[in-house]
Amino acid sequence: MADTKHIEDKPHIEDGPINDRDEERHRAKMAKRKAVQDAEVAAKTVEKGLLIVNTGPGKGKTTAAFGLALRMLGYGKRVGVVQFIKGKWHTGEKDAFAAFGDRVVWHTMGEGFTWETQDLKRDIAAAEAAWAKALELMADPSISLLVLDELNIALRYDYLDLDKVVAALKARREGLHVVVTGRNAKAALVEAADLVTEMGVTKHHFSAGVKAQQGIEF
């Protein structure tokens, strides 16, 4: 019976043109839904700078962060980017954001993944320099959104002091949005965040032998 009722509540698109009864049912249903949605939105009154974490094994963590950066730029805001690991390869997004001039402050501070450098001291020094730049941008009142790309990787390998990083992020100036990307986000960072998205992997072209491609991976 439940399944039959569910089917009957839907407009009979397959059976021909939508009739007046279908239209009225849909209108009533959407009116109820709108009332619920409006009430829920009206109940949200807090406005604050968010700490956002994009993590998980799936592709798209940095891509999503740059989508937010583009949205912020669309409102005339200023954006900062500090890349903690990436550094040795050319990326299309860096060129694209360069078109915004000084409205985007971009610092690629990494020297590649640890298996590429094979030098622990060098990796730690690079991470510390990137974090110093991040602190500088966090203090800059002209920056509305700061992307800390692959900071999770630096924290995972203990290149930086986790407690100090989390404390600084929590103490960031009011109104500043910060996005942290990278796999294996530390529990303390997840706990401190306002929004955490775990990106899963259902299917990835790499496993089928497809190489990293321009415009998709870089």
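Refer to the structure printed above.
Now for a description of the structure that goes with this document. (Residues numbered from 1 in each chain as written. Predicted model: local features only at pLDDT ≥ 70, side-chain atom pairs only at ≥ 80, totals over all residues. Heavy atoms only, no water.)

Moving on to the overall build of the protein. For the protein, the count of helices and strands is nine helices and six strands. Split into buried and exposed, the 218 residues of the protein put 33% on the buried side. For the protein, the proportion of contacts with a sequence separation of at least 24, taken over those separated by at least 6, is 79%. Put simply, the protein shows about 13700 Å² of open surface, and 55% of that area lies on carbon and sulfur atoms. (Helix = DSSP H or I, 4+ residues; strand = E, 2+ residues; numbered from the N terminus. Buried < 20%, exposed > 50% of the residue type's maximum accessible area, 1.4 Å probe, protein only. Contact = heavy atoms within 4.5 Å. Areas by Shrake-Rupley, 256 points an atom, 1.4 Å probe, with all protein chains shown as cover.)

Right, let's get into the packing of helix H6 (residues 120-138) against helix H8 (residues 162-170). Relative to each other, H6 and H8 sit at 15°, their axes nearing to 11 Å. Relative to H8, H6 is oriented roughly parallel. Here H6 and H8 pass one another in a crossing that is left-handed. Side by side, H6 and H8 meet where Trp131, Leu135 and Met138 of the first sit next to Val165, Ala168 and Leu169 of the second. Partitioned by chemical class, the residues of the contact of H6 with H8 number six nonpolar, no polar and no charged. (Axes fitted to C-alpha atoms, helices over the stretch in contact; angles between N-to-C directions. Parallel < 35°, antiparallel > 145°, perpendicular 65-115°, else oblique. Left-handed = near helix turned anticlockwise from the far one by under 90°. Nonpolar A, V, L, I, M, F, W, Y, C, P; charged D, E, K, R; others polar.)

Turning next to the nonpolar core. Generally speaking, a soluble globular protein has its nonpolar side chains buried in company with each other. Formed by 30 residues in total, the largest nonpolar core has its most connected members in Phe84, Trp131, Leu148 and Leu169. Among the secondary structure elements, those contributing two or more residues to this core are strand E1 (51-55), H6, strand E4 (145-149), helix H7 (151-156), H8 and strand E5 (177-181). Element by element, the count of residues in this core is highest for H6, at six residues. Other than its neighbours up to four places away in sequence, leucine 169 contacts Leu51, Trp131, Met138, Leu148, Val178, Val180 and Leu189. Residues Ile52, Phe66, Val79 and Val147 belong to the second largest nonpolar core, which totals 14 residues. (Core = buried A, V, L, I, M, F, W, Y, C linked by side-chain atoms within 4.5 Å.)

With respect to the helices and strands, threonine 62 occurs in helix H3 (residues 61-74). Of note is the side chain of threonine 62, whose polar atom sits 2.5 Å from the side chain of aspartate 149. Filtering out sequence-adjacent residues up to four positions away, threonine 62 remains in contact with Lys86, Asp149 and Thr181. (Polar contact = N/O pair within 3.5 Å; in protein donor to acceptor, adjacent residues only side chain to side chain.)

Turning next to the sheet that holds strand E3 (residues 104-108). Hydrogen bonds along the backbone pair up the strands of a sheet, which may run parallel or antiparallel. Pairing within the open sheet is parallel, and its six strands lie in the order E3-E2-E4-E5-E1-E6. Each edge of the sheet is formed by a strand with only one pairing partner; in this case those strands are E3 and strand E6 (195-198). For this sheet, the mean angle separating the axes of adjacent strands, direction not counted, is 10°. Relative to E5, E4 runs parallel, the two being bridged by four bridges. Bridge pairing in E5 places valine 147 opposite valine 179. Sheet contacts for H6: strand E2 (79-83), E3 and E4; angle to E2, the most-contacted strand, approximately 170°. (Pairing = 2+ DSSP bridges.)

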